[in-house]
Amino acid sequence: MTILRQPTRAGVRDAAAKVAQVIPATPIYIIEIRGVSVALKAESLQPMGAFKLRGAWHRLTALDEAARRRGVVAFSSGNHAQGIAWAAKKLGIAATIVMPADAPRSKRDGTLALGAEVVDYDRATQSREQIAAQLAEARGATLVPSFDDPWIIEGQGSCGLEAARQMVARGLPEPAQVVIPCGGGGLAAGIALALPDARITVVEPEGWDDMRRSLEAGWIEPVGPNPPPTACDSLQTPRVSPLTFDVLSRRGAEGVTVSETEIAAAQRWAAERLRLVVEPGGAVALAALMSGEVQPVAGTLAILSGGNVDLAAYAGVLAA
């Protein structure tokens, strides 16, 4: 029987130490929502525009020299793609990314600019996991999932440790509640490990709330048939993984959903009040707080997880 490695809090601490050596801490912004001071962690200001490079760096630096020579294969709509490409470029590793043909151009162009090879697939009719697995096997490369991987989860958790230190330094309580955008759950699971005493709330767009429904049911529930269109390309995960679900389920995490209108309003608010460009999927935690789906308490931390926008779509959001 194969015993799979599990993500741990010790692994999150190791990842945080590694990440701190290559990138500066992203800032937190202190805002007031319903009379409560809330910390917003601006992962949208990462070098490639999203938190994903944390897990990518932790995972790729764990590869031995032989594995690095054989390269890596990943699948992503864009943020994990750019995180892997960024880490691979710094480490001299060849990276191939399986991306949906309808991925935002900014994310595709960013991935290519970082030196990765991009392989297209049809999101509606093809399996990105199957395509990536076949490519990895044919090339002898390491497959690096976007969330179903213990190193990836630990790396994303470094965001929580970093934010906790910043909150205390700014005179705020340690995180008591963390509100987190959720696609596959890698960021949420990592932060749940990093901050074991905090209440964890994941946020998904309406119709794509498989993690919320899974947590409520006690087993993994995939996205239902014919889910509605959403601007949150980074959160369109049809099924969460046992690894992320197990971490969040054990922690008693909860889930909420937000509408496309609420997401766009949060994007506009971030632009107008904070001068931050936040992509739709990166704005859902802020949307949940602004809409009242999540009530802020002392020690609330929310993650602005990404800022890689399609410029034409973003201009339309700002003009609305």
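Criteria and cut-off values
Residues numbered from 1 in each chain as written. Predicted model: local features only at pLDDT ≥ 70, side-chain atom pairs only at ≥ 80, totals over all residues. Heavy atoms only, no water. Core = buried A, V, L, I, M, F, W, Y, C linked by side-chain atoms within 4.5 Å. Buried < 20%, exposed > 50% of the residue type's maximum accessible area, 1.4 Å probe, protein only. Helix = DSSP H or I, 4+ residues; strand = E, 2+ residues; numbered from the N terminus. Contact = heavy atoms within 4.5 Å. Expected span 1.5 Å × (residues − 1). Arc of directions from axis to C-beta. Salt bridge = Lys/Arg side-chain N within 4 Å of Asp/Glu carboxyl O.

## Points about the nonpolar core
And then number 1: Counting residues in hydrophobic clusters, the biggest one holds 37 residues, and the most contacted among them are Val178, Ile191, Ile200 and Leu248.
And then number 2: Among the secondary structure elements, those contributing two or more residues to this core are helix 1 (9–20), helix 7 (150–169), strand 7 (177–181), helix 8 (186–194), strand 8 (199–205), helix 9 (210–217), helix 10 (242–250) and strand 10 (300–304).
And then number 3: Sorting elements by how many residues they give to this core places helix 8 first, with seven residues.
And then number 4: Sequence-distant contacts of Ile200, defined by excluding residues within four places in its chain, comprise Val178, Ile180, Ile191, Ala192, Leu248, Arg251, Ala253 and Glu254.

## Some remarks on unusual backbone geometry
Peptide bonds are trans in most cases, and residues, glycine excluded, mostly fall at negative phi.
And then number 1: You will see that Asn226, though not glycine, has its phi angle at about 50°, which is positive.
And then number 2: Within the secondary structure layout, Asn226 lies in the loop between helix 9 and helix 10.

## Focus on helix 1
And then number 1: Here helix 1 contains 12 residues, and its C-alpha end-to-end distance of 17 Å stays within 8% of the 16 Å for a straight helix at 1.5 Å per residue.
And then number 2: Turning to helix 1, its buried residues are Gly11, Val12, Ala15, Ala16 and Val19. Projected down its long axis, helix 1 carries its buried residues within an arc of 140°, all on one side.
And then number 3: The inward-facing, buried residues of helix 1 contact helix 2 (52–61), helix 7 and helix 8.

## Looking at the pattern of salt bridges
And then number 1: Summed over all chains, the structure comprises 17 salt bridges.
And then number 2: In this structure, Glu279 engages Lys107 in a salt bridge whose closest nitrogen and oxygen atoms are separated by 2.8 Å. In this pair, Glu279 is assigned in the loop between helix 11 (260–274) and helix 12 (284–291) and Lys107 in helix 5 (residues 105–113), connecting sequence segments 172 residues apart. The burial state of Glu279 is the same as that of Lys107; both residues are buried.
And then number 3: Three or more residues joined by partner-sharing salt bridges are found here, namely Asp209, Arg212, Arg213, Glu216 and Glu221.

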